[in-house]
Amino acid sequence: MAFAAIIFIAGVFLLPAAVVLGAFPVTLTLERAFPLNNSFELSQLVSRDRIRHGRMLQSSSGVVDFLVEGTFDPFVVGLYFTRVQLGSPPKDFYVQIDTGSDVLWVSCGSCNGCPQSSGLPIQLNLFDPGSSSTSSLISCSDRRCTVGLESSDSTCSSQGNQCAYTFQYGDGSGTSGYYVSDVLHLDTVLGGSVTQNTSAPIVFGCSTLQTGDLTKSDRAVDGIFGFGQQDMSVISQLSSQGITPKVFSHCLKGDDGGGGILVLGEIIEPNIVYSPLVPSQPHYNLNLQSISVNGQTLPIDPTIFATSSNRGTIVDSGTTLAYLAEQAYDPFITAINNAVSQTVRPVLSRGNQCYLITNSISDIFPQVSLNFAGSASMVLRPQDYLIQQNSIGSAAVWCIGFQKIPGQEITILGDLVLKDKIFVYDVAGRRIGWANYDCSMSVNVSTTSSMGKSEFVNAGELSDGSSLDKEAYKSLHVCLLAFLMHISILRIFRFL
């Protein structure tokens, strides 16, 4: 199974997201919440990522368009969630967007430990299968439960015939419950017009028990929306029904304005390069072959990046920073230091490699290239591997955002690297593609229609979902932010 993380949510303004090519796009609303504070230490961000890494759970037409809001800044922890409508009559649920797990689950009535309210400006809801005219329970003999058993997303006991689940996370929290089938309501686009009240039957989890940090109200959401690769994921379910393609894409803005794009569909951009996914892996693993700084390949044994049970290179948008295999870290730092030795003096700040900068980092620091299988290189600007930690007088303190995991050879590419790029996760085609891009611009999203034709639809204008009160989010207590980053340290170790 893949990465998951407890996510705090709150609302901000929405931006137009995508131009869609296809016959059956679907629109939901994704919002990204973020605190406005730049005072956190790099070590706190590392801690936050580690808890994320520990929380691992094991051809169609249509596009789901999530409007992303927030701003990327490793010291301003942006978070992602969306609102989905489930049941008949439809009911709203705010769920964490999680590319590291497979299952959509929400809190249900009579839940033990499920938060009743949230410290964030959202209204929590409990799903009640008995109140939905289209809801039905999933038995252990149901084929859909059997599929979940194969991927460890479902369980069945000899004492009953109810298909159930239990997920444990690296921070000690967990959830368990049972599966139900009900309708997911979608705003759809057909023939260039919006058709409301389209729905699709899906299987999702009904949580009856939550433990640990999931019980805390200050960061509570209604559940988790898994975007993993297994058959129990909503992506797989909608794809099997011919509603959406088995591919999703994102483009996260890295400037102060924030925002971005997340779609179930393939963003089309001429400069996208693709690298094949490593076979038989539950994560989005790529074959990293070498690293270059200023065009010079670093002296790193390529076998360090080979994928095995405890090593490899993973693309994870739930990680704030980026992590290099331990044997690759020192050569990388040395190459950066050598490239800037005549301009700036490297300094250590709390064990992190940092620099005092009075000029633009783009004028000082070298270009870095991550070279993957398939002759696909990911070009990193200085702002893709450096983060500004604070200032001393007139000088800014910029630190290397890449970290290392002592004694481990795991490489994880988080938002520090992924921002300001289109990323396409072609699950059906077993590949991931990327290209540098201005994520404030519209994108073209491709999907195959049932008639074999393509249409242009401005999906970014379809959502009428209002953003949550920005001022309400600003009023959240600062201790919430500190705790958010503090809990992260266990994620990597759970992954390992």
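Up top is the structure these notes are about.
This is a predicted model, so every value here is computed, not measured. (Residues numbered from 1 in each chain as written. Predicted model: local features only at pLDDT ≥ 70, side-chain atom pairs only at ≥ 80, totals over all residues. Heavy atoms only, no water.)

### Details of the packing of aromatic side chains
Reasoning step 1: Applying the stated criterion to the full structure yields 15 aromatic pairs.
Reasoning step 2: For the pair Phe372 and Trp434, a centre-to-centre distance of 5.2 Å together with 65° between the ring planes defines the contact as edge-to-face. Of this pair, Phe372 sits in strand E23 (residues 368–372) while Trp434 sits in strand E30 (residues 431–436), placing them 62 residues apart in sequence. Like Phe372, the residue Trp434 is buried in the burial classification.
Reasoning step 3: Pairing Phe423 with Tyr425 gives two aromatic rings, centres 6.4 Å apart and planes at 35°, and the pair type is tilted.
Reasoning step 4: In this structure, Arg431 packs its charged tip against the face of Tyr274, placed 3.5 Å from the ring centre. (Phe/Tyr/Trp six-rings, centres within 6.5 Å; stacked < 30°, edge-to-face > 60°. Helix = DSSP H or I, 4+ residues; strand = E, 2+ residues; numbered from the N terminus. Buried < 20%, exposed > 50% of the residue type's maximum accessible area, 1.4 Å probe, protein only. Lys NZ or Arg CZ within 6 Å of the ring centre and 35° of its normal.)

### Topic: the pairing of strand E13 (residues 260–264)
Reasoning step 1: Counting buried positions over the 5 residues of E13 gives 5, a clear majority of the element.
Reasoning step 2: Burial of the side chains of E13 extends over both faces: Gly260, Leu262 and Leu264 are buried on one face and Ile261 and Val263 on the other.
Reasoning step 3: Bridge count between strand E12 (residues 248–252) and E13: 4 bridges; the pairing is antiparallel. Looking across to E13, one finds that Cys251 is bridged to Ile261. (Pairing = 2+ DSSP bridges.)

### Re the state of the cysteines
Reasoning step 1: Scanning the entire structure with this criterion turns up 6 disulfides.
Reasoning step 2: Put simply, Cys145 and Cys163 are joined by a disulfide, and their sulfur atoms are 2.2 Å apart. Classification of the bridge connecting Cys145 and Cys163 rests on its S-S torsion, roughly 90°, and on that basis the disulfide is right-handed. Of the two residues, Cys145 sits in helix H2 (residues 143–150) while Cys163 sits in the loop between H2 and strand E8 (164–168), which places them 18 residues apart along the sequence. A single burial state applies to Cys145 and to Cys163, both of which are buried.
Reasoning step 3: Sequential numbering of the bridged cysteines in the protein gives the disulfide pattern 1-8, 2-3, 4-6, 5-7, 9-12, 10-11. (Disulfide = S-S within 2.5 Å.)

### So, helix H4 (residues 326–340)
Reasoning step 1: Between its terminal C-alpha atoms H4 stretches 22 Å, which fits the 21 Å expected from 15 residues at 1.5 Å a residue.
Reasoning step 2: Residues of H4 that are buried include every one of Ala328, Tyr329, Pro331, Phe332, Ile333, Ala335, Ile336, Asn337 and Val340, and no others. (Expected span 1.5 Å × (residues − 1).)

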